[in-house]
Structure formats: C-alpha cells, structure tokens
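# Structural features, examined
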Amino acid sequence: MPDTPVESTTLLTLQDVEVSFTLKRSSLFAKPSLLRAVDGVTLSVRKGQTMGIVGESGSGKTTLALAVARLLPVTRGQIHMNGVDLLSLRGEALRNERRHMQFIFQDPYSSLNPRLRAEKIVREPLDRLSIASTSRRDDRVRELFDQVGLRRDQQRLFPHQFSGGQRQRIGIARAIASNPSLVICDEPVSALDVGVQAQILNLLRRLQEELGLTYVFISHDLGVIQHMCDTIAVMYMGKILEEADRESLFNTPKHPYTQALLSAVPSADINRRNRERRIMISGDPPNPIHLPPGCRFASRCPQVEDRCRVDTPPLVNIDRHHRVACHLVKAAG
Amino acid sequence: MTALLSVKNLTVEFTTRDGIAPVIDDLSFDLAPGETLSLVGESGCGKSMTALAIMGLIPSPPGRVASGSISLAGENLLQAGDTRMRAVRGNDISMVFQEPMTSLNPVFTVGEQISETLRRHQGLTRRQAKALSIEMLDAVQIPLPTRRINDYPHQLSGGMRQRVMIAMALACRPKVLIADEPTTALDVTVQAQIFDLMRAVGKETEAAIILITHDMGSVAEMAERVVVMYAGRKIEEGCVDDILARPRHPYTRGLIACVPHLLETVSAERPYLQEIPGMVPPLSDFGFMGCLFAPRCDRVETRCWQEKPKVTQITPSQSAACWNLQEAKVRVDA
Ligand SMILES: Nc1ncnc2c1ncn2[C@@H]1O[C@H](COP(=O)(O)OP(=O)(O)OP(=O)(O)O)[C@@H](O)[C@H]1O
Ligand SMILES: Nc1ncnc2c1ncn2[C@@H]1O[C@H](COP(=O)(O)OP(=O)(O)O)[C@@H](O)[C@H]1O
Ligand code: SF4
Ligand code: SF4
Ligand SMILES: [Mg+2]
Ligand SMILES: [Mg+2]
C-alpha cells in the first residue's frame, strides 16, 4: 500500500523521480561521472494551488521543472498528471498533453524569439496545438493581451521594444494561451526590478484566481516563496529536505537547513531582526559529483552527528502535511 | 559629525543619442568615519555611477562630471590628477563589484593578485606580500589559504571569489569601502557570510562602508543611514530605522511596500502586494524639470509636473524631496 493516498484534488504527482547527467570524463582513464541533479523526488501538487520549490543555486530546481515538462529525460521514477502517466507518452499523445502544461522562464530577454512580433509569440501555442479556428485565434490573442495588462496597440511590436516587465507579461500570455491546467514558473521575477516584480506577482495571483491555474513556482527568494505558495518543498543537492504547507514551513520549520536558510535572509521586518537567533552555516554546498554518503547537508549542518555521515535520512511525515528528512526529527506515530 | 567623505551638488552628465542627460543630478550626501551608509533604488537610478564618480572612474566619453565636489578628508578629489587618484584608489577608497569574476584577472592566481596590490601600494617585498596574502585569505574565512592562494579565480565558488575581492579591497586598510551589490549573485546563506565578514572587517579596520543595494532587507541589516535614489536624484535620506518605520517620500514608501518581505510568522491571510506602477524612466528623461517620479506616483499634483521638488528637512536626520510628502504614519496601538 502506498502510504500517501492520492487525494481527489491532486493534479500532479512525482514518484521517486531521478534525473542524472553523464559528465564528460576528465581524462582518458577516468570513469565518466554521474551527476544526480534530481535524486528521488516524491511530490504531489494539488489543483488550483501553488507548489513552491526553493533552494540554493544548483539544488536541482530547474532540472526538476524541465523533467516534469518532459524537456529533459527522466532516469527513474514516475510522473502523473490528471492520472495520465506522462513518461509513457510519445508523439501525438505527448503533444496533446503538453497543452495542459506550460512554462514561464526567468529571463524575459532570451526566452522570446526576437524576430517575432508580440502577437505572433502569444499566438504560437494556439497554432502549434491547433487550438480554435484561425479567426477565433485573433480574438483569443486580443483577450490574452487584455488579461496580462498589455495594450492592443502593442501587439505588433517586437520583443526589444518592450521593457523587462512587459516581456514577462508576453511570456505569461503565451503560457496561458492554451488554457493549461499547470504552469511551471521558473524564477519568473528574479530578473526584474522590485517595483515591476510586484506587478508580475500580483498578475500571476490574479490569473490563478480567474483561471483556476495550478502553479509550480520556483524561486530562491524566500520572501517571494512565502508570499506566493500554498505548499513549499525545500531542495538541497537534488533532494527534498523538507516539505510542508505554508504556515507549518514558515512558522515551525523543522529541518536544520530550512532553519538556517530562513535565518540567513536579511529582513526589513523588525520582528525578525529583533529576534536575533541567527543560525550561521559556513562554507558552500558540496561538489555534486562527489557526494559523500549520508545526509547531503552534513558538511554544513550545525547539528551534525556521526550517523548523519553514514545513513541518508529518509523524508518522513511528521504530520499530515509536513515531511522532513533529518535524523533528529521524529516521524509521526 | 565631521564627514570623512562629502559629496556636494554633484552632477554627472552623459552624452546620449538624444542629447546630454544628468545620470547624477545635484547629489549631496556625507559619510562619517566608520559608518555604514546604503544607497538604494531600482536599477538605472544612478547608484553605480555615484560609486564610480567617487572612485574617479566615470567612463569618459560619454560621461563627465559637470559640477559639484567630492571631498575626502578635506581634499577635493575632482581636482586631483590621475596619479593622485590612483593612489587614492589603492590606499584610501576601494571598491567591491557585483560580479567578482569580471573584476578578477583570470590568468593570475588569487595569491598573485592580492600580493600585487600589496606590493604596489604598500611597498612590501614579495615574501612579505605572500605571507600577508595568506593571512588575509584566512581573515576572510577561505579554508586552506596556503593552498588557495595558488588557485585561479575560476577554481573558486562565487562566494569565495567575492571573499577574495573583499580581501583585496581591504588589503591596504582603506578609509572607505564601496560595495556595489556585492551579494546579488550569491545564495542567501553565502550572502549572510559575506555580510558578517563586511561587518567584522569594517569594525576591525574602522573603514566606512557604502553599501549599494536594491534590497531593503539588506539595508535594514547592514546600514545605519540610507540615501534613496531615483532617476539620478536623491529623493530621501535618513536613519534606517526612521526610513523603514516612517518613509515620507512616495517612492521610498513604494519601495518598502512592494516587496514581499519574509515575515517572522505567517497567517492564512495573503493580501496582494502594493505595486509601483510603470518603471524607472530612461536616461534621456533624467533632468526633467518636474518630479521624475510623477508618472508613477499616487500623490501627484499639478505642481509636480512643473517644478523640481524642494527638499524638506523633516527631522535633523531625515529629509525628502517631494511636493506632497506622505504623512508620518501614526501608530495606533495602545
Ligand atoms: N545539462 C546539464 N549537464 C550537466 N549538468 C547539469 C545540466 N543541467 C544542470 N546540471 C547540474 O545539475 C545541478 C542542478 O542544476 P539546476 O539548474 O537544476 O539548479 P537550480 O536549482 O535550478 O539552480 P539555479 O538556482 O542556479 O537556477 C547542478 O549541479 C548543475 O550544474
Ligand atoms: N556607459 C554608459 N553609457 C550610457 N549610459 C549609461 C552608461 N552606463 C550607465 N548608463 C546609464 O546611466 C544610468 C544610471 O546607471 P547606474 O549608475 O549603473 O544605475 P544603478 O547602479 O542604480 O542600477 C542608467 O540609465 C544607465 O542606463
Ligand atoms: S540528518 Fe544530521 S546532518 Fe542532516 S540535517 Fe539532520 S542533523 Fe543535520
Ligand atoms: S513631488 Fe509629487 S509626483 Fe513627486 S513624489 Fe512628491 S507627490 Fe509624487
Ligand atoms: Mg534554475
Ligand atoms: Mg548598478
């Protein structure tokens, strides 16, 4: 029996997903090395909600997202969306399923084709997936421009004629054009100024409410994650170390890494600054190619014990909506 | 307070395709010895140009200092010649840039680069410089410094490279350290290490620090005073706690309110963020005779379009340039 019953409202489930890269051998005699960018991730995302993935650079966030979108091969595990086994799909069936899943990228500069007019970029998924009649597509493009707060007279401009924030709006219009159920947002505001960031975050929230979208929302900014997400998974070196609903994760973080991560964020909130229980962790994350056995965080963990360097702590439920992978945190019942 | 560094009515002009525009427009501020001051604002507001002006490194052409003065301990740096400025940059003022990779030379080891700085500015012998370099890498918490001095920049992580930059910047015990977005490219746990390091060495060497950032959280954690810049102008200045609790300029208020600050405790409630509509104007619009924030401001009046806002001294330490200042928020808790 699976210990996590699939709820009726679940849109996306990942079971023990692994994505590995084979790296070029460093010398003629060396073995080619294997980099497990995503290592045994199990997650479920509920309909209409936002699942946040947070972690430092190189923790595997983008790799995980690309794997879900089938833009990278999955080495092991299973991914289901709406009950459909995504990894078994090929050709036409895969293309059909893709319309339900769209991507918003970090860099609004390089993710739009500079030679296409804005309207053509937004319309492209409709053409590619043959959605609606040709004339209906023109109406749809106008509607999409309205929805993301762009003016109709901007439809015929090229990407370089827009600001970064406006380009991100074009990217969002393109992503929602095919009426997807799932939108994966990979650092959608990291390249934007704070004033513009607020505009885009509000837009994403409004569209979610209006269209019932489900988001996988990737960011390294904990303030943004706290603001946007219903459930949050904390990743480190390819593994989920903690996962919980928003209030549990931020009010009662259990994993030493989550605690350190939260306490490292400089804050304008006077309540946070007055509290002064800074947990400093030293050093950088370990080399992902030569991972030591045991807990991934052991080399930087302030609470490390001998067993941590030997056994990998499994991700276990400590209550219904809270999972933690640490030897010091007790599993429920 | 007697200022260590004093910028007075500084105007720096750039020649662009659309004519001449002030990247820095009548900017004045003081820096006291040992203090940490933050320059904050969205990108393109002139923060980096201010730093480069102080270093005497404004790219020319297209830029030139049109008027004003920058004095360090009484000496007007704008009058100093090239030789003198090189000495100032080595010994009195140093700078850490956002991307350490571009400011380290890829073909020399980090040890060679620190030693070179020390030998050039402090006249040390090769052996003395090497010994001191190791000591400095150790001081900025680079593990195994005797080995690491033989590494090339690409062999270090981003955080380590930034630590090397800080070691180099502090090698000659400058009076002023300018850090231009020193942690923007780094992870938060590493940012926390760099900030701790800056605080510690700042205290140890008694250097005054100018921290350039767009993040109010970093301002709150690192600085005592803050200068808020918008489109080349200073629009508000004050002690960090005052500015955070009672921002009086609409832009400052927007800058604080539009960010989802990480909260100590969260509840189920999640209001929409306050937006600052629009964006920073292009350089060609800088120098406009009215208020440059008018197109984005919710308190704009007719006068704002016509006259450059006058500076109001709100308290001895807080001032703002606005025709229609935000009321100081009155606390209503009992
Ligand atoms: N195509 C690839 N070939 C080899 N290694 C890769 C490839 N793509 C990613 N990696 C490695 O996989 C790991 C995870 O990378 P990923 O881009 O998913 O991280 P991330 O969490 O998105 O980081 P960031 O916050 O910097 O975007 C890293 O060690 C990275 O170097
Ligand atoms: N070499 C240059 N030529 C023309 N304009 C420039 C140059 N460097 C910077 N600028 C312009 O000067 C303004 C201020 O830039 P900068 O000081 O770098 O801003 P900040 O550091 O606050 O982001 C911006 O409008 C920028 O586009
Ligand atoms: S398992 Fe051990 S090393 Fe890993 S987080 Fe827990 S205490 Fe730290
Ligand atoms: S001067 Fe006018 S437009 Fe400018 S910030 Fe003040 S109220 Fe707004
Ligand atoms: Mg990424
Ligand atoms: Mg800058």
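Let me begin by describing the structure that accompanies this report. (Residues numbered from 1 in each chain as written. Chains lettered and ligands numbered in written order. Predicted model: local features only at pLDDT ≥ 70, side-chain atom pairs only at ≥ 80, totals over all residues. Heavy atoms only, no water.)

### Looking at the pairing of strand β7 (residues 182–186) of chain A
All names here are of chain A. With 5 of 5 residues buried, β7 is to be regarded as a mostly interior element. Side-chain alternation along β7 places Leu182, Ile184 and Asp186 on one buried face and Val183 and Cys185 on a second face that is also buried. When strand β6 (residues 101–104) meets β7, the two strands line up parallel, connected through 4 bridges. Looking at β7, one finds that Ile104 is bridged to Cys185. In terms of strand pairing, β7 meets strand β8 (residues 214–219) through 5 bridges, oriented parallel. The partner of Cys185 across the bridge, within β8, is Phe217. Viewed along the sheet, the connection from β7 through helix α6 (residues 194–211) into β8 turns out right-handed. (Buried < 20%, exposed > 50% of the residue type's maximum accessible area, 1.4 Å probe, protein only. Helix = DSSP H or I, 4+ residues; strand = E, 2+ residues; numbered from the N terminus. Pairing = 2+ DSSP bridges. Right-handed = clockwise from strand over helix to strand, strands pointing away.)

### A word on empty space enclosed by the protein
All names here are of chain A. The full count for this structure, using the stated rule, is 4 cavities of 30 Å³ or more. Roughly 90 Å³ of volume is contained in the largest cavity. Contributing to the lining of the largest cavity are 13 residues, with Pro256, Cys295, Cys301, Cys308 and Cys326 lying nearest its centre. Its residues assigned to classes, the lining of the largest cavity comprises 10 nonpolar, 3 polar and no charged. (1 Å grid on protein atoms, 1.4 Å probe; cavity = no way out; pocket = protein on both sides within 12 Å on 5 of 7 lines; lining within 4 Å. Points joined across faces, edges and corners; volume = space filled by probe spheres on them. Nonpolar A, V, L, I, M, F, W, Y, C, P; charged D, E, K, R; others polar.)

### Describing α6 of chain A
All names here are of chain A. Taking 1.5 Å of rise per residue, 18 residues should cover 26 Å, and α6 covers 26 Å from first to last C-alpha, within 8% of that figure. Buried residues dominate α6, accounting for 14 of its 18 residues. Positive phi shows up at Gly212, right after α6, with a value of about 65°. (Expected span 1.5 Å × (residues − 1).)

### Points about the nonpolar core
Ile178 and Ile210 of chain B are the most contacted members of the largest nonpolar core, which has 130 residues in total. Of all the elements, α6 of chain A adds the most residues to this core, at 8 residues. Sequence-distant contacts of Ile178 of chain B, that is, excluding residues within four places in its chain, are made with Ala51, Ile54, Met55, Ile93, Ser94, Met95, Val96, Ile210 and Ile212 of chain B. With 35 residues, the next largest nonpolar core counts Leu118, Ala171, Ile194 and Leu197 of chain B among its residues. (Core = buried A, V, L, I, M, F, W, Y, C linked by side-chain atoms within 4.5 Å. Contact = heavy atoms within 4.5 Å.)

### Comments concerning the site of ligand 1
Residues and elements named next belong to chain A. Around ligand 1, the structure places 13 residues, and the nearest of them are Ser57, Gly58, Lys61, Thr62 and Thr63. A distance of 2.8 Å separates an oxygen atom of ligand 1 from a polar backbone atom of Gly58. Within the backbone of Gly60, a nitrogen or oxygen atom sits 3.0 Å from an oxygen atom of ligand 1. Relative to its free-state accessible area of 640 Å², ligand 1 is covered by the protein chains to the extent of 63%. At the level of elements, β2 (34–46) and α1 (61–68) are the ones that each hand at least two residues to the shell around ligand 1. Here the element with the most residues in the shell around ligand 1 is α1; it accounts for 3 residues. (Near = heavy atom within 4 Å. Polar contact = N/O pair within 3.5 Å; in protein donor to acceptor, adjacent residues only side chain to side chain. Areas by Shrake-Rupley, 256 points an atom, 1.4 Å probe, with all protein chains shown as cover.)

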